[in-house]
Amino acid sequence: MAKDPLGEGSDGKPVYLRDIWPSNQEVAETVRNAVQRKSFQQRYGNVFEGPPEWRAVSGVSGMTYDFEDRSTYLALPPYFENMPKEPGPVQDVKGARELAIFGDSITTDHISPAGSIKVESPAGDYLISYQVRPSEFNTYGSRRGSHHVMMRGTFANIRIRNEMVPGVEGGMTKLQPDGTVMPIYDAAMEYKKRGVPLVIFGGKEYGTGSSRDWAAKGTLLLGVKAVIVESFERIHRSNLVGMGVLPLTFKEGTTRQTLGLKGDETLDITGVAAGLKPRMDVTLTIHRADGSTQTVPLTCRIDTLDEVEYFRHGGILQYVLRGLLRAA
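Residues numbered from 1 in each chain as written. Predicted model: local features only at pLDDT ≥ 70, side-chain atom pairs only at ≥ 80, totals over all residues. Heavy atoms only, no water.

Caption draft 1: Local environment of the sheet that holds strand 3 (residues 93-101). Taken in spatial order, the 7 strands line up as 3-6-7-8-11-10-9 and close into a barrel, and their pairing is mixed. Put simply, the sheet's adjacent strands are angled 40° from each other on average, direction ignored. Alignment of strand 8 (residues 246-250) against strand 11 (residues 293-300), held across 3 bridges, turns out to be antiparallel. Within the sheet, the bridge partner assigned to Thr 249 lies in strand 11 and is Thr 299. Across the sheet, helix 8 (residues 184-194) lies against strand 3 and strand 6 (198-201), angled at about 170° from strand 3, the strand it touches most. (Pairing = 2+ DSSP bridges. Helix = DSSP H or I, 4+ residues; strand = E, 2+ residues; numbered from the N terminus. Axes fitted to C-alpha atoms, helices over the stretch in contact; angles between N-to-C directions. Contact = heavy atoms within 4.5 Å.)

Have a look at this one:
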């Protein structure tokens, strides 16, 4: 008990905490008298029934969740669409375009959808098309169960800078060969219509920060086949592999800057189809707008034999699902 008095009593003598604090016996006796079993039974006996509104909600039966097409919070993810029972051969990347060229220290907070959803954004346009009022947009985190929302917010951070559109902050890029400046999501969907695979370039420490799963998921869903940087943060690198995106690093002395990349190049990544091995060399062939061609050696940052298997299956989700099917 504290040694300093709390005050004075009516008799003028100091009063200490020990003078008014109940004894353990007094506390135990009060609990026995006040805490009754029937009180808990009355208060919590119907806790699993819920209010009338909850009981009125109708459920569905079955082994799988019945996704509603109109939901903007939950959507059936596309990772297993048209997935064959066995994985096909790993393919080289041919005729790719740059979706973005980033600098150093691009974090997962730059890449992953986070924060509030802006009205003037691809995600905002999507929600408005479903008659969602801006006051009810909520945050990306609250809608992480809908890939329709989350992929629109990937690379949409207001502070991210794409060197393909100098002087512009935010998730913008330049569609090629058109040269039209537009949101990264819109450009990615246009490339998808054209059947054009995509590549991301970056500098040092790409993917630093928290291990955000949507930083890799969103990259995949935008149609990005490979990320080529000077160095990766280790967890984001493994997350890219787990989603079937090829992580590649420049050799010492080579960067996006020494290559003079502008964003109007066409790219081929070859050597993967011949047989994927951990940390193997692959070749980047740059076809420039002026007709010249340059070949650049890269290091494949699929680091282990297990990761080779994940990537060969198209990602760790497909690898696990096929394993479950074989065991069934």
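Caption draft 2: Region of interest: the pattern of salt bridges. If you walk through the whole model with that rule in mind, you get 18 salt bridges. For Arg 161, the salt bridge is made with Glu 169, and the minimal N-O distance between the two is 3.1 Å. Taking relative accessible area as the criterion, Arg 161 reaches 53% and is therefore assigned exposed. Residue Asp 303 is joined to Arg 279 by a salt bridge in which the shortest nitrogen-to-oxygen separation is 3.5 Å. Residue Asp 303 is found in the loop between strand 11 and helix 11 (305-312), and its partner Arg 279 is found in the loop between strand 9 (266-270) and strand 10 (281-287); the two are separated by 24 residues along the sequence. (Salt bridge = Lys/Arg side-chain N within 4 Å of Asp/Glu carboxyl O. Buried < 20%, exposed > 50% of the residue type's maximum accessible area, 1.4 Å probe, protein only.)

Caption draft 3: Main features of the packing of aromatic side chains. The full count for this structure, using the stated rule, is 7 aromatic pairs. Between Tyr 126 and Tyr 130 the ring centres are 4.9 Å apart and the planes differ by 45°, which places this aromatic pair in the tilted class. Accessibility expressed as a relative area gives 8% for Tyr 126, which makes it buried. One residue, Arg 143, lies across the ring of Tyr 73, its end atom 3.9 Å from the ring centre. Looking at Lys 217, its charged tip hangs above the ring of Trp 214, at a distance of 5.2 Å from the centre. (Phe/Tyr/Trp six-rings, centres within 6.5 Å; stacked < 30°, edge-to-face > 60°. Lys NZ or Arg CZ within 6 Å of the ring centre and 35° of its normal.)

Caption draft 4: Spatial organisation of the pairing of strand 9. The pairing of strand 3 with strand 9 spans 2 bridges and is antiparallel. Of the residues in strand 9, the one forming a bridge with Ala 96 is Leu 267.

Caption draft 5: Structural view of the packing of helix 9 (residues 213-221) against helix 10 (residues 234-242). Where helix 9 contacts helix 10, the axes come no closer than 9 Å and their chain directions differ by 40°. Between helix 9 and helix 10, the interaxial angle falls into the category oblique. In terms of crossing hand, the pair formed by helix 9 and helix 10 is right-handed. Counting all contacts with helix 9, which are made through Ala 215, Ala 216 and Thr 219, the residues of helix 10 involved are His 236, Asn 239 and Leu 240. When grouped by side-chain class, the residues that make up the contact of helix 9 with helix 10 number 3 nonpolar, 3 polar and no charged. (Parallel < 35°, antiparallel > 145°, perpendicular 65-115°, else oblique. Left-handed = near helix turned anticlockwise from the far one by under 90°. Nonpolar A, V, L, I, M, F, W, Y, C, P; charged D, E, K, R; others polar.)

Caption draft 6: Representation of helix 11 within the structure. When helix 11 is considered as a whole, its buried residues turn out to be Glu 307, Val 308 and Phe 311. Projected onto a plane normal to the axis of helix 11, the buried residues spread over an arc of 105° and lie on a single side. Projecting away from the buried face of helix 11 at angles above 90 degrees are the exposed residues Leu 305 and Asp 306. Contact partners of the buried residues in helix 11: helix 10 and strand 8. Positive backbone phi, at 95°, marks Gly 314, one or two positions downstream of helix 11. (Arc of directions from axis to C-beta.)

Caption draft 7: Seen up close, the nonpolar core. Within the largest apolar cluster, 41 residues are counted, with the highest numbers of intra-cluster contacts made by Leu 99, Phe 102, Phe 155, Ile 200, Tyr 206, Leu 222 and Val 227. The set of elements that each furnish at least two residues to this core consists of strand 3, helix 6 (122-129), helix 7 (147-152), helix 8, strand 6, helix 9 and strand 7 (224-229). Among the nonpolar cores identified, the runner-up in size contains 29 residues, and Val 90, Val 93, Leu 276 and Leu 298 belong to it. (Core = buried A, V, L, I, M, F, W, Y, C linked by side-chain atoms within 4.5 Å.)

Caption draft 8: Here's a closer look at the environment of Thr 299. Here Thr 299 lies in strand 11. Distance from Thr 299 to Ile 228, taken between C-alpha atoms, is 9.3 Å for residues 71 residues apart in sequence. There is a polar contact of 2.9 Å between the side chain of Thr 299 and the side chain of Lys 251. (Polar contact = N/O pair within 3.5 Å; in protein donor to acceptor, adjacent residues only side chain to side chain.)

Caption draft 9: Fine view of the side chain of Thr 72. Within the secondary structure, Thr 72 is located in the loop between helix 4 (52-55) and strand 3. Given the relative accessible area of 8%, Thr 72 is considered buried. Within the structure, the side chain of Thr 72 is placed 2.6 Å from the side chain of Arg 143, a separation counted as a polar contact. Apart from residues lying up to four places away in sequence, Thr 72 is in contact with Tyr 126, Leu 127, Tyr 130, Val 132, Arg 143, Ser 146 and Val 149.

Caption draft 10: Main features of unusual backbone geometry. Cis rather than trans, the peptide bond between Gln 176 and Pro 177 has omega equal to 5°. Relative to the elements of secondary structure, Pro 177 occurs in the loop between strand 4 (172-175) and strand 5 (180-183). A positive phi angle, near 60°, is found at Gln 131, a position not held by glycine. Here Gln 131 lies in the loop between helix 6 and helix 7. Residue class for Gln 131 comes out exposed when judged on its relative accessible area of 61%. One non-glycine residue with positive phi stands out, namely Arg 279, at about 55°. According to the relative accessible area criterion, Arg 279 is partly exposed, its value standing at 47%.

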